[in-house]
Amino acid sequence: MLSYDVLIIGGGLAGLRAALEVGQQAKVGVVTKVYPMRSHSVAAQGGINAAISEEDNTEDHIYDTVKGSDYLADQDAVEILCDEAPRAVYEMDQMGALFSRTEAGRIAQRPFGGQDFPRTCYAADKTGHILQHTLYEQALRHNVKVHNEWFVLEILSDGGEVRGIVALDTHTGKVETIAANAVIVCTGGYGRVFSRSTNALINTGEGMSLAYHAGAALKDMEFVQFHPTTLYGSNILISEGARGEGGLLFNSEGERFMEKYAPSKMELAPRDVVSRSMETEIQEGRGIGDGYLHLDLTGIGADLIGDRLPQIAELARTYLGVDPVTEPIPVQPGQHYSMGGIGTDVHGATEVGGLYAAGECACVSVHGANRLGGNSLLDTVVFGRRAGAAAAAYVKGRPRPAPIPDSVVQEHENKLSALLAADSGESFSPVRKEMEVAMMNGAGVYRHKDGLDKAIDQLDVIKKRAENLTVSDKTRKFNFELQGALEFKHSLLLAEVIAEGARSREESRGAHFRNDFPERNDADWLKHTIATKGEDGPVYSTSDVSITKHQPKKRVY
Ligand SMILES: Cc1cc2nc3c(=O)[nH]c(=O)nc-3n(C[C@H](O)[C@H](O)[C@H](O)COP(=O)(O)OP(=O)(O)OC[C@H]3O[C@@H](n4cnc5c(N)ncnc54)[C@H](O)[C@@H]3O)c2cc1C
């Protein structure tokens, strides 16, 4: 039977950074449902934040992040994120990441939303691609064992400690187990819970649900980031870097409408502010066509676009037939990032012994109610490394992981066989679409009790229908319809926790905006939402926010 000291689920930036750290000290393996280079990290465009310029300083990075989070981030964790940022970026540089350069040869930095300094280091508009290549190269060089296209079905835990995982090997269609003393969950975001998302189709979020079922808590799940500029229709991301390089937003009347909402930061206000402003413009009838706005890059010039924004120019040309050098790009807000996730401490540890999480699936919490652009890539490498170090320390001196009984495999085989054998019931795909639309309508950019009640009622019905799914492809190898049905059941749990969290939080903070409670309410709600597994579903509680230097004040841009 396969066994590792530390097993990592996910081959994106967080998973690979953790694997490199563990590999120096203990036996490590990675399981990933797609080849590492297909992880969503590859799609990251705009850049990674670090106060590396002589005119910048870490204290400002901390302050911008805390203010951006609408004071919900744990400030001790933010201090670590920003303190370790320069080291993390230089480390990537030294590993071979090809960052764009200034004329003087320094790593180039661009302005990003909600920050007072051009702090975002970038590799043109392909930063994630470059970083992921670099870490994957290093993983290969250090012989990190990767189980490609293994879909994790369960994280095994008992007595409050992790035992390993169960996975479906997509190549053979067989259920496999891997024993491990520690497991680090690095499974990324759940964007596909919403109908309009910038996320890859694989971002269905089951890692968060697997950790929840193993006994970990989900934290602040109601905080969902909507990115202002996604391509109209397909919702492919147009990086904030486009506005950082001088892109402007216009409504149907040709107004640069951000003047009304964030006069000092304009297009470079934080994402929650810009997305809400755009939704308001559209809802009040100043949208273009049937509901988009214009992102105008024509003032930037062909040379700069070719040099710094080549990928987004290509995306606009390919998917909308629009040439951003000469025409404005139709854009609309779309789901982009999950601020919430598996609750961890600053070492990536959950309440379950040996269970760690890092990257987008985790909530440390450094992003609070709204993440600043460029801070997520940073989060993956800083907390990926820390989780790896903590897991390696945890397994040190422990006996080899105990073998996993065959009955575990049998139990999963039975479940899969039953799902494959069912010939009545619905296909998952249209039912999932209903979940995505219910979430977009009820728990989108603007929220209200009535809309959330409706979404939760719809989810209840969808949950019942999801108990009765059928899969038309009855084969075992590479059965992505089967995998889709399994992913969907996990996505539904996340949808429920997001919507319930949003309904109970009767205030507006960061990305969570309630039309019926438009103000932030620190007296009652300066706290994290916690969801843990109870007998009849999620049980909700709250926990305190760590405040060190920055007392909450009104957030104005
Ligand atoms: C289009 C786009 C652009 C972005 N641009 C930026 C940017 O410029 N700057 C920035 O800071 N942030 C950006 N972000 C956010 C950032 O890229 C992500 O938050 C980050 O890369 C997530 O990395 P990760 O390692 O946590 O997860 P991912 O890279 O998503 O990797 C998840 C891994 O988990 C594996 N996995 C998931 N479920 C299972 C399962 N059941 N079994 C086995 N394996 C599983 C997958 O195979 C994958 O390898 C962007 C996001 C998007 C969508």
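Residues numbered from 1 in each chain as written. Predicted model: local features only at pLDDT ≥ 70, side-chain atom pairs only at ≥ 80, totals over all residues. Heavy atoms only, no water.

A. Molecular detail of the domain arrangement of the chain. Parsing the chain into structural domains produces domain 1 (2-223 + 337-395), domain 2 (230-331) and domain 3 (406-535). The C-alpha-based centres of domain 1 and domain 3 are spaced at 23 Å. At the junction of the two partners, domain 1 supplies 45 residues and domain 3 supplies 46 residues. For the pairing of domain 1 and domain 3, the buried interface totals around 4100 Å² over both sides, and the portion due to carbon and sulfur atoms is 65%. Where domain 1 packs against domain 3, one counts three salt bridges. Ionic pairing is found between E487 and K33, a salt bridge with its closest N-O pair at 2.8 Å. Taken together, domain 1 and domain 3 are joined by 19 residue pairs in polar contact (both at pLDDT 80 or more). Of all the secondary-structure elements, those providing two or more residues to the side of domain 1 that touches domain 3 are β7 (150-158), β8 (161-169), β9 (174-185), α6 (206-213) and β10 (218-219). Split by residue class, the side of domain 1 that touches domain 3 holds 21 nonpolar, twelve polar and twelve charged. (Domains from an automatic or database assignment. Contact = heavy atoms within 4.5 Å. Buried area = accessible area lost by both parts, 1.4 Å probe. Salt bridge = Lys/Arg side-chain N within 4 Å of Asp/Glu carboxyl O. Polar contact = N/O pair within 3.5 Å; in protein donor to acceptor, adjacent residues only side chain to side chain. Helix = DSSP H or I, 4+ residues; strand = E, 2+ residues; numbered from the N terminus. Nonpolar A, V, L, I, M, F, W, Y, C, P; charged D, E, K, R; others polar.)

B. Layout of unusual backbone geometry. Across the junction of V364 and S365, the peptide omega takes the value 5 degrees, indicating a cis bond. Within the element layout of this structure, S365 appears in the loop between β17 (362-363) and α12 (375-395). The backbone of N143 sits at a positive phi, close to 55 degrees, despite the residue not being glycine. Locating N143 in the fold gives a position in the loop between α5 (127-141) and β6 (145-148). The phi torsion at N235 lies on the positive side, around 60 degrees, for a residue other than glycine. A relative accessible area of 3% places N235 in the buried class. (Buried < 20%, exposed > 50% of the residue type's maximum accessible area, 1.4 Å probe, protein only.)

C. Highlighting the packing of helix α13 (residues 406-421) against helix α16 (residues 480-504). At a closest axis distance of 11 Å, the pairing of α13 and α16 adopts a crossing angle of 110 degrees. On the basis of their axis angle, the class for α13 and α16 is roughly perpendicular. The element α13 and its partner α16 pack so that their crossing is right-handed. Of α16, the residues touching α13 (which contributes L416, L419 and L420) are L482, A485 and L486. Tallied by class, the residues present in the contact of α13 with α16 amount to six nonpolar, no polar and no charged. (Axes fitted to C-alpha atoms, helices over the stretch in contact; angles between N-to-C directions. Parallel < 35°, antiparallel > 145°, perpendicular 65-115°, else oblique. Left-handed = near helix turned anticlockwise from the far one by under 90°.)

D. Looking closely at the site of the ligand. Around the ligand sit 38 residues, and of these T32, H40, S41, E360 and S376 come closest. Contact distances for the ligand include 3.3 Å between an oxygen atom and a backbone N or O atom of V34. The separation between a nitrogen atom of the ligand and a polar main-chain atom of Q45 is 3.3 Å. For the ligand, whose accessible area on its own is 1000 Å², the fraction buried by protein is 98%. Elements that contribute at least two residues to the shell around the ligand include exactly α1 (13-23), β2 (28-32), β7, β14 (329-338) and α12. (Near = heavy atom within 4 Å. Areas by Shrake-Rupley, 256 points an atom, 1.4 Å probe, with all protein chains shown as cover.)

E. Seen up close, the pairing of strand β19 (residues 537-544). Note that strand β18 (residues 527-534) and β19 share eight bridges and pair antiparallel. The residue bridging H528 from the neighbouring strand is S543, located in β19. Taking the residues that link successive antiparallel strands as the turn, the β18-β19 hairpin has two residues. (Pairing = 2+ DSSP bridges.)

F. Focus on the pattern of salt bridges. Per the stated rule, a full pass over the model turns up 46 salt bridges. With a shortest N-O distance of 2.8 Å, D56 and R119 are connected by a salt bridge. Within this pair, whereas D56 is found in the loop between β3 (48-49) and α2 (58-68), its partner R119 is found in the loop between β4 (109-110) and β5 (120-121), the two being separated by 63 residues in sequence. Judged by relative accessible area, R119 falls into the buried class, the value being 0%. For R271, the salt bridge goes to E240, with nearest N and O atoms at 2.5 Å. In this pair, R271 is assigned in helix α9 (residues 271-286) and E240 in the loop between β11 (224-231) and α7 (241-244), connecting sequence segments 31 residues apart.

G. Structural detail: the nonpolar core. Ranked by internal contacts, the top residues of the largest apolar core, which has 74 residues, are I165, F194, L355 and M439. No other element matches α16, which puts twelve residues into this core. Residue-level mapping places this core at the junction of two domains, with at least three residues from each of domain 1 (2-223 + 337-395) and domain 3 (406-535). Every residue in contact with F194, bar those within four places of it in the chain, is listed here: V224, F226, Q335, E436, M439, M440, A443 and I498. By size, the runner-up hydrophobic cluster in this structure holds 58 residues, among which are L16, I62, A77 and M95. (Core = buried A, V, L, I, M, F, W, Y, C linked by side-chain atoms within 4.5 Å.)

H. Quick look at the packing of helix α3 (residues 75-83) against α12. Contact geometry for α3 and α12: axes closest at 9 Å, N-to-C directions at 95 degrees. As the angle between them shows, α3 and α12 are arranged roughly perpendicular. On the side of α3, the interface is formed by A77, I80 and L81, while α12 contributes N375, L378, D379, V382, F383 and R386. Here the contact of α3 with α12 is composed, by residue class, of six nonpolar, one polar and two charged.

I. Quick peek at the environment of Y190. Note on placement: Y190 falls in the loop between β9 and α6. Given a relative accessible area of 0%, Y190 falls into the buried group. Sequence-wise, Y190 and A200 are ten residues apart; in three dimensions their C-alpha atoms are separated by 9.4 Å. Excluding residues that lie within four positions of it along the chain, Y190 makes contacts with N199, N203, T204, G205, M208, M221, F223, V224, Q335, S338, L494 and I498.

J. Layout of the sheet that holds β3. On the basis of which strands lie adjacent, the open sheet formed by three strands has the order β3-β5-β4 and antiparallel pairing. Only two strands of the sheet have a single partner each, and these edge strands are β3 and β4. Looking at chain direction, β3 and β5 are connected through two bridges and run antiparallel. By the bridge assignment for β5, N49 is matched with T120.

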